[in-house]
Amino acid sequence: MVEQQLRARGISDSRVLQAMLEIPRHLFVPEAMKAQAYRDSALPIGEGQTISQPWMVARMCELLCLQGHERVLEIGTGCGYHTAILARLCARVYSIERIRNLHQQARQHLRSLHIGNVILQCADGCHGLPGFAPFDAIIVTAGGHYAPAWIEQLAEGGILLIPEGENGLHQLVSYRKKQGTLVRTTYEACSFVPLRSGVQS
Ligand code: SAH
């Protein structure tokens, strides 16, 4: 996976590659999907949601340019795979999932790997986590448009990364907060499950 899907296709951040080597992706997918865990695609994880394609996880992590000291907010924990990779790359990850069943699964997955620098919440991520702000990076792993709360909770110099768009047609976009303004940069087209509001118990 790391050599053929990531390095050969342009992922060069050595910390990202190392994290992708170390975190066992098969532990995050349902039993029936285990044989396909390292495939070059997204996979279903139940509740109509997916674990993102390995390349996309690596690409998003690389675009955040993490050095190790950052506090990162993730919107859309899913099964916790991307969360686990982020936990290797920064000081602390705060991750919000709106579907309780997935939130609980992610908690078990991260516990089984003894990953301790993660705080998980079951909530509507569109409100962010004001009690823990500001964040050096905010990563949204469901497609849509950014919520105003995320911009408020972004530290000066911080970066927000989101698959922007509708109906499964998205483009990776980053917003860098610089002296009160937002600098927008666009990257490749992609397709994510949609950002939704409210909590599903
Ligand atoms: N980070 C995961 C991606 C999971 S798919 C991975 O890399 O594998 C995206 C997740 O975002 C889904 O689990 C979905 O339920 C969740 N989601 C969608 N809208 C949300 C919201 N408003 N708040 C929190 N989570 C949300």
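Residues numbered from 1 in each chain as written. Predicted model: local features only at pLDDT ≥ 70, side-chain atom pairs only at ≥ 80, totals over all residues. Heavy atoms only, no water.

Of the consecutive residues Ala133 and Pro134, the connecting peptide bond is found in the cis state with omega at 5°. Position of Pro134 relative to the elements: it lies in the loop between strand 5 (118–122) and strand 6 (135–140). For Cys65, which is not a glycine, the phi torsion comes out positive at approximately 50°. Considering the arrangement of structural elements, one finds Cys65 in the loop between helix 3 (54–64) and strand 3 (71–75). (Helix = DSSP H or I, 4+ residues; strand = E, 2+ residues; numbered from the N terminus.)

The next thing to look at is the layout of surface pockets. To find leftover empty space, one rolls a probe the size of a water molecule over the atoms. What the largest pocket holds in volume is close to 540 Å³. Around the largest pocket, the lining is made up of 36 residues, and of these Thr50, Gly76, Thr141, Ala142 and Val193 lie nearest the centre. Sorting the residues of the lining of the largest pocket by element identifies strand 2 (49–51), helix 3, strand 3, helix 4 (81–89) and strand 4 (92–97) as the ones contributing at least two each. Looking at the lining of the largest pocket, the element that brings in the most residues is strand 2, giving three residues. Considered class by class, the residues forming the lining of the largest pocket number 19 nonpolar, twelve polar and five charged. (1 Å grid on protein atoms, 1.4 Å probe; cavity = no way out; pocket = protein on both sides within 12 Å on 5 of 7 lines; lining within 4 Å. Points joined across faces, edges and corners; volume = space filled by probe spheres on them. Nonpolar A, V, L, I, M, F, W, Y, C, P; charged D, E, K, R; others polar.)

Glancing now at the site of the ligand. Neighbouring residues of the ligand: 24 residues in total, closest Gly76, Glu97, Asp124, Gly125 and Arg196. Separating a nitrogen atom of the ligand from a side-chain N or O atom of Glu74 is a distance of 3.2 Å. Between the ligand and the protein, one listed contact pairs a nitrogen atom with a backbone N or O atom of Arg196 at 2.6 Å. Relative to its free-state accessible area of 580 Å², the ligand is covered by the protein chains to the extent of 99%. Here the ligand is seated within the largest pocket. When contributions to the shell around the ligand are tallied by element, the ones reaching two or more residues are strand 2 and strand 4. The residue makeup of the shell around the ligand, split by class, is ten nonpolar, nine polar and five charged. (Near = heavy atom within 4 Å. Polar contact = N/O pair within 3.5 Å; in protein donor to acceptor, adjacent residues only side chain to side chain. Areas by Shrake-Rupley, 256 points an atom, 1.4 Å probe, with all protein chains shown as cover. Sits in = over half its atoms within 2 Å of the grid points.)

Moving on: helix 4. Where burial is concerned, most of helix 4 is hidden: eight out of the nine residues are buried. The set of residues buried in helix 4 consists of Tyr81, His82, Thr83, Ala84, Ile85, Leu86, Ala87 and Leu89. (Buried < 20%, exposed > 50% of the residue type's maximum accessible area, 1.4 Å probe, protein only.)

Next up on the list: the nonpolar core. The nonpolar side chains of a soluble globular protein tend to be buried, and buried together. Counting 48 residues, the largest nonpolar core has Met20, Tyr81 and Ile85 as its most contacted members. Sorting elements by how many residues they give to this core places helix 3 first, with eight residues. If near-sequence neighbours (up to four positions away) are discounted, Met20 is found in contact with Met1, Val2, Leu6, Pro54, Val57, Ala58, Tyr81 and Ile85. Residues Tyr94, Trp150, Leu160 and Tyr175 belong to the second largest nonpolar core, which totals 16 residues. (Core = buried A, V, L, I, M, F, W, Y, C linked by side-chain atoms within 4.5 Å. Contact = heavy atoms within 4.5 Å.)

The next subject is the packing of aromatic side chains. Throughout the structure, instances matching the rule amount to four aromatic pairs. Ring geometry for Tyr94 versus Phe132: centroids 4.9 Å apart, planes at 40°, classification tilted. Pair noted here: Tyr94 is in strand 4 and Phe132 is in the loop between strand 5 and strand 6, with a separation of 38 residues, a long-range link. By relative accessible area, which is 5% here, Tyr94 ends up buried. With a relative accessible area of 30%, Phe132 lands in the partly exposed category. Members of the aromatic cluster, joined through ring pairs, are Tyr94, Phe132 and Phe135. Directly above the ring of Tyr81 sits Arg25, whose terminal nitrogen or CZ lies 4.9 Å from the centroid. (Phe/Tyr/Trp six-rings, centres within 6.5 Å; stacked < 30°, edge-to-face > 60°. Lys NZ or Arg CZ within 6 Å of the ring centre and 35° of its normal.)

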